[in-house]
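Residues per chain, in single letters:
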Amino acid sequence: DSGVTQTPKHLITATGQRVTLRCSPRSGDLSVYWYQQSLDQGLQFLIQYYNGEERAKGNILERFSAQQFPDLHSELNLSSLELGDSALYFCASSKEGTGYGTQYFGPGTRLTVL
Amino acid sequence: EDQVTQSPEALRLQEGESSSLNCSYTVSGLRGLFWYRQDPGKGPEFLFTLYSAGEEKEKERLKATLTKKESFLHITAPKPEDSATYLCAVQASAAGNKLTFGGGTRVLVKP
């Protein structure tokens, strides 16, 4: 158990819908990262938040957005869902924002878009 | 652009048969190289971080090494419970904290 929690574990929805994925980092960690894992793309970095502020962006679609709240939990919002958005979404956390730091991953949310 | 290539894609081993996994990388300034283990449907589990060429780290039957262009994960006398996908990732100085992952090596250890 990494100490990172994610809810829900599974999510099944229809095209065009909007969903919210939630992540709670390890105690004491200030950075939260979101990654997408699909069969054809592997693990891809989406976005990083550090202590409530966006720190880095990867190949995140405009339909996707995220935020980190004062209690440091984070939410990833996916809207206008398409079949291709079906994937595993992982959250990771680390202590540091800009320095060296190991990222610990949560158990993931499996999103299925029908 | 940072690139990470892992080989082989899949590896079938007999219990006790040692082997090595390769991770080749191209980055503009390596900040760290990470190895993770991932079981099906689960999140990646952290194994090692290597920071500079020549560095080695060990944990039970696993040993990770790093050169300027690649890293190896040696599995000594593997057991069936070592079956998993092993992921390599790099963190580049110019890319902030994001990790760039390779495609992984799926390891199956048969009893």
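Structural data are supplied above this passage.
Because the structure is predicted, anything quoted here is derived from the model rather than measured.

A. Representation of the nonpolar core. Formed by 24 residues in total, the largest nonpolar core has its most connected members in B:Leu21, B:Leu33, B:Trp35, B:Leu73, B:Tyr86 and B:Val107. Tallying contributions element by element places strand β9 (residues 84-92) of chain B first for this core, with five residues. Counting residues in hydrophobic clusters, the runner-up holds 21 residues, among them A:Val4, A:Val19, A:Trp34 and A:Ile47.

B. Local environment of the pattern of salt bridges. Tallied over the full model, the rule gives eight salt bridges over all chains. Of the charged contacts in the structure, one is a salt bridge between B:Lys63 and B:Glu56, with a shortest N-O distance of 3.3 Å. Overall, the relative accessible area of 27% leaves B:Lys63 in the partly exposed class. Each of A:Arg26, A:Asp29 and A:Lys95 takes part in a single network of salt bridges with overlapping partners.

C. Up close: the interface of chain B and chain A. Counting residues at the interface gives 17 residues for chain B, matched by 20 residues for chain A. Between chain B and chain A, the buried area comes to about 1500 Å², and carbon and sulfur atoms account for 56% of it. The interface formed by chain B and chain A holds zero salt bridges in total. The tally of links between chain B and chain A comes to four residue pairs in polar contact (both at pLDDT 80 or more). Elements with a minimum of two residues in the side of chain B that touches chain A: β4 (30-38), β5 (45-50) and β9 of chain B. Here the side of chain B that touches chain A gets four residues from one element, more than from any other, and that element is β4(B). Here the side of chain B that touches chain A is composed, by residue class, of eight nonpolar, six polar and three charged.

D. Spatial organisation of the side chain of A:Thr13. All names here are of chain A. Relative to the elements of secondary structure, Thr-13 occurs in strand β2 (residues 10-13). The exposure class assigned to Thr-13 is buried, which follows from its relative accessible area of 15%. Look past the residues within four positions of Thr-13 in its chain and what remains in contact with it is Val-19, Leu-81, Leu-111, Thr-112, Val-113 and Leu-114.

E. Molecular detail of unusual backbone geometry. Across the junction of A:Thr7 and A:Pro8, the peptide omega takes the value -10°, indicating a cis bond. The amide bond that connects B:Ser7 to the next residue, B:Pro8, takes the cis arrangement and shows omega of -10°. Topologically, B:Pro8 is positioned in the loop between β1 (3-7) and β2 (10-14). Despite not being glycine, A:Asn51 shows a phi value in the positive range, around 50°.

F. Representation of the sheet that holds β1(B). Residues and elements named next belong to chain B. Read across the sheet, five strands follow the order β1-β3-β8-β7-β6 without closing on themselves; strand pairing throughout is antiparallel. Of all the strands in the sheet, just β1 and β6 (56-59) have a single pairing partner and so form its edges. Going across the sheet, the axis of each strand differs from the next one's by a mean of 15°, ignoring polarity. Where strand β7 (residues 62-66) meets strand β8 (residues 70-75), five bridges bridge the pair, whose relative direction is antiparallel. When the bridges of β8 are listed, Ala-64 appears paired with Leu-73.

G. A look at the state of the cysteines. Residue and element names in this part refer to chain B. Per the counting criterion, the structure on display carries two disulfides over all chains. What pairs with Cys-23 in a disulfide is Cys-88, and their sulfur atoms sit 1.9 Å apart. Disulfide Cys-23 to Cys-88: torsion about the S-S bond roughly -60°, handedness left-handed. Separated by 65 residues along the polypeptide, Cys-23 in strand β3 (residues 19-26) and Cys-88 in strand β9 bring together distant segments of the chain. Relative accessible area serves as the criterion here: at 0%, Cys-23 is assigned to the buried category.

Calculation rules
- Residues numbered from 1 in each chain as written.
- Chains lettered and ligands numbered in written order.
- Predicted model: local features only at pLDDT ≥ 70, side-chain atom pairs only at ≥ 80, totals over all residues.
- Heavy atoms only, no water.
- Core = buried A, V, L, I, M, F, W, Y, C linked by side-chain atoms within 4.5 Å.
- Buried < 20%, exposed > 50% of the residue type's maximum accessible area, 1.4 Å probe, protein only.
- Helix = DSSP H or I, 4+ residues; strand = E, 2+ residues; numbered from the N terminus.
- Salt bridge = Lys/Arg side-chain N within 4 Å of Asp/Glu carboxyl O.
- Contact = heavy atoms within 4.5 Å.
- Buried area = accessible area lost by both parts, 1.4 Å probe.
- Polar contact = N/O pair within 3.5 Å; in protein donor to acceptor, adjacent residues only side chain to side chain.
- Nonpolar A, V, L, I, M, F, W, Y, C, P; charged D, E, K, R; others polar.
- Pairing = 2+ DSSP bridges.
- Axes fitted to C-alpha atoms, helices over the stretch in contact; angles between N-to-C directions.
- Disulfide = S-S within 2.5 Å.

Everything listed here is a matter of coordinates, which is why it stays silent on function.
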